[in-house]
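Structural overview for review
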Amino acid sequence: MSETPRATGANLGTAEFVALMATLTSLTALSIDAVLPAFSVIKNDLNVQNPNNVQLIISALFLGLSLGQFLFGPVSDRFGRKPAVYAGSIVFALGAVLAATATSLPVMIFGRLLQGVGASAHRTVVMAIIRDKFSGAEMARILSFVTAVFIVVPTLAPLIGQLILISFGWRAIFVIMLVMATVGCIWLGTRQPETLKPENRRIITAKVLWEGAEEIAGNKATLLFTTASGFVFATMMTYLGTAQPMFADVFDIHETFPLYFSGLAVVFGFAAALNGRIVRHIGPLKMSQVALIVQIVASLSFAFYLLFVDTTPSLWLFMIYLALAFSCQPMLNGNLNAMSMEPMGHIAGLAATLIGATTTFIALLLSVLVGRFYDQTLIPLSIAYCVFGSAALVFVILGARAQRVAKAQIANAVSV
C-alpha cells in the first residue's frame, strides 16, 4: 500500500496505523451502541414519560458531533492534529462523567451533548490525518480498511453494554467509554507522529475560516457529495435511534437484542473490507452509485411488502433486508467522504470540519424527523431508507457531473 508524496515519514506500519485510526473513530460507535441495550432501564430510572424521547440520548450525541467539528477542525489546522484529539478527549470525559451521574433526562442529554462535542475531535482529526497521508482511491481504500477494523466495536459494544448493564448497571457503561478514550490518547501520543508540518499550519482568524468555508462551498462537487453523505448517514442514524424499540415492539426481542445488532455489524464490516479491496479497480464513484441503487431497490421492495402484504414480517425477512441495506453503508460512507475531501488537501482540517459537520447536521435533522413518526412498525424505517437513498443518488449524479466540468476547466486552462 503506497502513500502519496505528502506522507510525513511516519514510522507506523499500515496495519497499526489503520488500527489506531479505527480505535479513535470507534469511540463514537462505542458511545452509541453500548448504551442501546440500556434504553428501557434508563427510561425507567430517569422517569421518561414519552418513550420516543429516549431517542434523544442518541440524537444529542450526534448534535454534539456536528457542533464540535466547527471547533476542532480549525484547532487541528492551527495547533496540529494530536493536540486537538487531546482537547476533545477531555471534553468527552466530562460528558461521560455527567451522563454516568445523571438523575434526569435533561442532564443525561447535556452529558451526551458534551460527549458528542469531544468525540467530534477524533472523527474530524482522523479524517484530516488520513487526508494528510493519502488521496483519491488510496484514501478511499484506507478509509474502508479503517471502517472494517472499526466495526469490531459496534459488533461487540451492544454485548459489552448488555453484560455491564446486568453486572454493574447502566451507569458503568460510561466508565468503559472513558477508559477507551484514555487508551486512544495514549496510543496516539506514543506511536503516531504529528502529520501536519509546522509550515502547513494555519492561523485561526475569522477571515481565514470564512475564506476556507467559501472555497469549500464554492466547490460544487464537494458540496453535492457532502449533501449525499448527509442523506446516507441519515439512514444509519434512523436505524440506530429506533433499533432497540423496533426489535422490542415488533418482534418482542429484549435481552437478545445485542446478538442481532452485532450480527448486522459483521455484515457492515465485511462490506467495508470488500470495498477496500475493489475500490481502486472500480472507483469510488461507481461503487457509490451501485450501492445506492441496491439500497433503493431493496428498501422499496420491503416497503411495498409491508404496506400491501404484511406489516409484521418474519424476523428473518427483516434481517435479510437489513443485511442488504447495511452492506451498502460502508461502500458509501468512505467513498463519498473521499470524493468530498479530494479537492481539499490544502485545507484538510477545515474541510473535514465543514464536511463532517454538514453531513452530521443533515443526518440529525432527517433522523429526528423520522424518529417522531415511529409507530411501532417497520414502515417508517423502510420508507426513510428508500427516500434518503434516492435523494443521495441524485446528489451523487449531480456531483459527478460537477466534478467532470471542473476537471475539464482545469485541463483547458493548462492547455492554454
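Just so it is clear, the structure is predicted and the values come from calculations on it, not from any experiment.

Moving on, we get to the overall build of the protein chain. Helix and strand content of the protein chain: 16 helices and zero strands. Computed over C-alpha atoms, the radius of gyration of the protein chain comes to 21 Å, within 12% of the 22 Å expected from 2.2 N^0.38 for 416 residues, which places it in the range of a compact globule. Expressed along its principal axes, the backbone C-alpha trace of the protein chain runs to roughly 65 × 45 × 40 Å. Out of the 416 residues in the protein chain, the part that is buried amounts to 58%. Taking the contacts inside the protein chain whose residues are at least 6 apart along the sequence as the reference set, 87% of them involve residues at least 24 apart. If you sum the accessible surface of the protein chain, you get close to 16700 Å²; carbon and sulfur atoms cover 69% of it. Across the protein chain, the 24 positively charged side chains and the 18 negatively charged ones have centroids separated by 9 Å.

In this approach, a probe sized like a water molecule rolls over the atoms, and the result shows the empty space that is left. Following the criterion strictly, the structure yields four cavities of 30 Å³ or more and no others. The computed volume of the second largest cavity comes to approximately 90 Å³. Taken together, 13 residues line the second largest cavity, and the ones lying closest to its centre are Gln55, Ser59, Met237, Gly241 and Ser367. Elements represented by at least two residues in the lining of the second largest cavity include exactly helix H3 (56-79), helix H10 (220-251) and helix H15 (348-372). Along the lines of polarity and charge, the residues of the lining of the second largest cavity split into five nonpolar, seven polar and one charged.

Enumeration according to the criterion identifies 17 aromatic pairs in this entry. Geometrically, the ring pair formed by phenylalanine 17 and phenylalanine 134 is tilted, given 6.1 Å between the ring centres and 55° between the ring planes. With phenylalanine 17 in helix H1 (residues 14-33) and phenylalanine 134 in the loop between helix H5 (105-133) and helix H6 (136-150), this residue pair connects regions lying 117 residues apart in the sequence. Judged by its relative accessible area of 4%, phenylalanine 17 is buried. Under the relative-accessibility criterion, phenylalanine 134 is labelled buried at 3%.

To continue, consider helix H8 (residues 172-191). With 20 residues, H8 should reach 28 Å at 1.5 Å per residue; the first-to-last C-alpha distance of 29 Å fits that figure. Inspection of H8 places Ala172, Ile173, Phe174, Met177, Met180, Ala181, Gly184, Cys185 and Leu188 among the buried residues, and these make up the whole buried set.

A side chain with one charge may pair with a side chain of the opposite charge, provided their charged atoms come close. Inspection of the entire model under this criterion finds three salt bridges. Overlapping salt bridges, with partners in common, bring together Asp77, Arg81 and Asp132 in one network.

What follows covers the confidence of the model for the protein chain. Averaged over all residues, the pLDDT of the protein chain equals 84, while 92% of them reach at least 70. Per-residue pLDDT stays below 50 along residues 1-10; that stretch engages in 22 contacts with residues further than four places along the chain or on separate chains.

Of the volumes computed, that of the largest pocket is approximately 270 Å³. For the largest pocket, the lining is made up of 15 residues, of which Lys43, Pro51, Gln244, Pro245 and Asp249 are closest to its centre. When grouped by side-chain class, the residues that make up the lining of the largest pocket number six nonpolar, six polar and three charged.

Let us look at unusual backbone geometry. Positive phi values are uncommon outside glycine, yet aspartate 252 reaches one of about 55°. Mapped onto the elements, aspartate 252 comes out in the loop between H10 and helix H11 (257-282). The phi angle at glutamine 376 is positive, at roughly 65°, despite the residue not being glycine. Mapped onto the secondary structure, glutamine 376 falls in the loop between H15 and helix H16 (379-415). The exposure class of glutamine 376 is exposed, given its relative accessible area of 53%.

This next bit is on the packing of helix H4 (residues 81-100) against H8. Viewed as axis vectors pointing N to C, H4 and H8 meet at an angle of 170°, and their least axial separation amounts to 9 Å. As the angle between them shows, H4 and H8 are arranged roughly antiparallel. Contacts from Lys82, Val85, Tyr86, Ser89, Phe92, Ala93, Ala96, Ala99 and Ala100 of H4 reach H8 at Phe174, Met177, Leu178, Ala181, Cys185, Leu188 and Gly189. Residue composition of the contact of H4 with H8, by class: 13 nonpolar, two polar and one charged.

In this section: the environment of valine 18. Take valine 18: it is sitting in helix H1. Judged by relative accessible area, which is 6%, valine 18 ranks as buried. Sequence separation between valine 18 and valine 146 is 128 residues; the distance between their C-alpha atoms is 5.2 Å.

Turning next to the nonpolar core. In terms of nonpolar packing, the biggest core is built from 130 residues, with Ile130, Tyr239 and Phe318 touching the most fellow members. The greatest single-element share of this core, amounting to 17 residues, is contributed by H10. Residues within four places of tyrosine 239 in sequence aside, it is in contact with Met246, Phe247, Phe261, Leu264, Leu322, Phe326, Leu381 and Tyr385.

Attention now goes to the packing of H11 against helix H14 (residues 330-341). Orientation of H11 relative to H14, taken along the N-to-C sense of each, is 45°, at an axis distance of 8 Å. Classified by the interaxial angle, the pair formed by H11 and H14 is oblique. Residue-level contacts link Phe268, Ala271, Ala272, Leu274, Asn275 and Val279 of H11 to Pro330, Met331, Asn333 and Asn335 of H14. Per-class residue counts for the contact of H11 with H14 are seven nonpolar, three polar and no charged.

As a further point, take the side chain of glutamine 244. Note on placement: glutamine 244 falls in helix H10. On the accessibility criterion, glutamine 244 (9% relative accessible area) is buried. A distance of 3.5 Å separates the side chain of glutamine 244 from the side chain of serine 40, its partner in a polar contact. Each residue touching glutamine 244, except ones within four places of it in the same chain, is listed here: Leu36, Phe39, Ser40 and Phe257.

Scoring rules and cut-offs
Within any chain, residue numbers begin from 1 and follow the written order of that chain's sequence. Where local features are concerned, this predicted model is filtered to residues with pLDDT of at least 70; where side-chain atom pairs are given and counted, the filter is 80 or more; whole-chain, interface and lining totals use all residues. Side-chain figures throughout are based on the complete set of non-hydrogen atoms in the structure, without hydrogens or water. A run of H or I in DSSP counts as a helix once it spans at least four residues, and a run of E counts as a strand once it spans at least two, with each numbered from the N terminus. Values of the radius of gyration come from C-alpha atoms, whereas the globule rule sets the reference at 2.2 Å times the count of residues to the power 0.38. The rule is simple: take the accessible area with a 1.4 Å probe, protein chains only, and divide by the maximum for that residue type; under 20% is buried, over 50% is exposed, in between is partly exposed. Residue contacts follow a heavy-atom distance rule, with two residues in contact if any of their heavy atoms lie within 4.5 Å. Note on areas: Shrake-Rupley, 1.4 Å probe, and residue coverage restricted to the protein chains presented here. Within this scheme the basic residues Lys and Arg register as positive and the acidic residues Asp and Glu register as negative, but His and the chain ends are omitted. Positions of charges follow a simple convention, taking NZ of Lys, CZ of Arg, CG of Asp or CD of Glu. Only protein atoms enter the 1 Å grid used here, on which a cavity is any set of points holding a 1.4 Å probe that cannot leave and a pocket is any open set flanked by protein within 12 Å on both sides along at least five of seven lines; residues with an atom within 4 Å of a point are listed as lining. Grid points are joined across faces, edges and corners, and a volume is the space filled by probe spheres set on the points. When residues are sorted by character, Ala, Val, Leu, Ile, Met, Phe, Trp, Tyr, Cys and Pro go into the nonpolar class, Asp, Glu, Lys and Arg into the charged class, and all the rest, Gly among them, into the polar class. For Phe, Tyr and Trp, where Trp contributes only its six-membered ring, two rings pair if their centres lie within 6.5 Å, and the inter-plane angle classes them as stacked under 30 degrees, edge-to-face over 60, or tilted in between. Each residue after the first adds 1.5 Å to the expected span of a helix. Any Lys or Arg side-chain nitrogen found within 4 Å of a carboxyl oxygen on Asp or Glu counts as a salt bridge. Confidence of the predictor in every single residue is expressed as pLDDT, which spans 0 to 100. Here the axes come from fitting lines to C-alpha atoms, over the contacting stretch only for helices, and the angles between their N-to-C directions go from 0 to 180 degrees. Roughly parallel refers to an angle under 35 degrees, roughly antiparallel to one over 145, roughly perpendicular to one between 65 and 115, and oblique to any angle outside these ranges. In plain words, nonpolar cores are sets of buried Ala, Val, Leu, Ile, Met, Phe, Trp, Tyr and Cys residues tied together by side-chain atoms within 4.5 Å. Pairs of N or O atoms are called polar contacts if they sit within 3.5 Å, as long as, within protein, a hydrogen donor faces a hydrogen acceptor (for residues adjacent in sequence, only side-chain-to-side-chain pairs).

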